[in-house]
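The lines below spell out each chain.
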Amino acid sequence: MRQRAPLIVAAAPPVIAFVLVAAFMTAEACGFRPLNAEPANVAEAAALGAAATALRFITSGADPNVPWPVAEGVLGTLPRTVNAMDAAILGRHAEMISLLREHGATTDAHRAACLADAIDFPDALPALGLPAIVEKNDPHQVDDPVGTCLMSNSGTN
């Protein structure tokens, strides 16, 4: 056994390194990006307020009006599938809303107002060209007011 101990000690670091690399590769393949802070798509970029990255996605052909998956932790504890405009609202980035509008992004006015109300973000409304005061539906009466807005108003303008 004493003769094998140096072999085991010598083999341990490469084996541990292999296991860690394999774990990171598996995590990446499953959609979890442990070492990548870059947004994965235009909606994630909008949610994070990464204007240059969002524009890069749009100029590369990404449609900001199509729903994109936004990873868990970016817009709260739940993963969401939203278009770029809704992601900007939920990310509380009024300046991103204006930028996206300039580049063809749209959203349904009722849905946008519902989302802005659900997260208490009235600054989104003027950026969307909506009146600052809207009729409130009180989406807070449910467990997931954002999810309620996204489910009940799935269309875009």
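These figures come from a predicted structure and were not determined experimentally.

Asks: What is the right way to look at the overall build of the chain in this model?
Replies: The helix and strand inventory of the chain stands at 8 helices and 2 strands. Start at the N end of the chain and walk to the C end: the helices and strands fall as α-α-α-β-β-α-α-α-α-α. A total of 157 residues make up the chain; the buried ones form 36% of that total. Relative to all contacts within the chain whose residues are 6 or more apart in sequence, the contacts with residues 24 or more apart total 55%. Roughly 9300 Å² of accessible area belongs to the chain as shown, and the carbon and sulfur atoms make up 62% of that amount.

Asks: Whenever I open this one, the side chain of Thr53 confuses me. Can you help?
Replies: With respect to the element layout, Thr53 can be found in helix H3 (residues 51–59). Not counting chain neighbours up to four residues away, the residues in contact with Thr53 comprise Glu38, Pro39 and Ala45.

Asks: In this structure, what is going on with the packing of H3 against helix H5 (residues 94–102)? I would like to understand it.
Replies: When two helices pack together, their arrangement is given by the angle between their axes and by how far apart the axes lie. Between H3 and H5, the shortest axis-to-axis distance is 11 Å and the interhelical angle comes to 20°. Here H3 lies roughly parallel to H5, going by the angle between them. Both H3 and H5 take part in a crossing whose hand is right-handed. From H3, Ala51, Ala54, Leu55 and Ile58 reach across to H5, where they touch Met96, Leu99 and Leu100. Residue composition of the contact of H3 with H5, by class: 7 nonpolar, no polar and no charged.

Asks: For this particular structure, what's the right way to read unusual backbone geometry?
Replies: Generally, phi is negative for residues other than glycine and the peptide bonds are trans, each holding for most cases. Even without being glycine, Arg92 reaches a positive phi, approximately 65°. Position of Arg92 relative to the elements: it lies in the loop between helix H4 (84–90) and H5. Although it is not a glycine, Asp120 sits at a positive phi angle of roughly 55°. In this fold, Asp120 is placed in the loop between helix H6 (109–118) and helix H7 (124–127). What makes Asp120 exposed here is its relative accessible area of 54%.

Asks: What is the right way to look at the state of the cysteines in this model?
Replies: Such a bond, covalent and formed between the sulfur atoms of two cysteines, is termed a disulfide. Enumeration according to the criterion identifies 1 disulfide in this entry. Across the disulfide, Cys114 is cross-linked to Cys149 (sulfur-sulfur distance 1.9 Å). Since a negative S-S torsion denotes a left-handed disulfide, the Cys114-Cys149 link at about -75° is left-handed. Note that Cys114 is positioned in helix H6 and Cys149 in helix H8 (residues 145–152), a separation of 35 residues in sequence. Residue class for Cys149 comes out buried when judged on its relative accessible area of 0%.

Parameters at a glance
- Residues numbered from 1 in each chain as written.
- Predicted model: local features only at pLDDT ≥ 70, side-chain atom pairs only at ≥ 80, totals over all residues.
- Heavy atoms only, no water.
- Helix = DSSP H or I, 4+ residues; strand = E, 2+ residues; numbered from the N terminus.
- Buried < 20%, exposed > 50% of the residue type's maximum accessible area, 1.4 Å probe, protein only.
- Contact = heavy atoms within 4.5 Å.
- Areas by Shrake-Rupley, 256 points an atom, 1.4 Å probe, with all protein chains shown as cover.
- Axes fitted to C-alpha atoms, helices over the stretch in contact; angles between N-to-C directions.
- Parallel < 35°, antiparallel > 145°, perpendicular 65-115°, else oblique.
- Left-handed = near helix turned anticlockwise from the far one by under 90°.
- Nonpolar A, V, L, I, M, F, W, Y, C, P; charged D, E, K, R; others polar.
- Disulfide = S-S within 2.5 Å.

Purely spatial values, then, with no claim about function.
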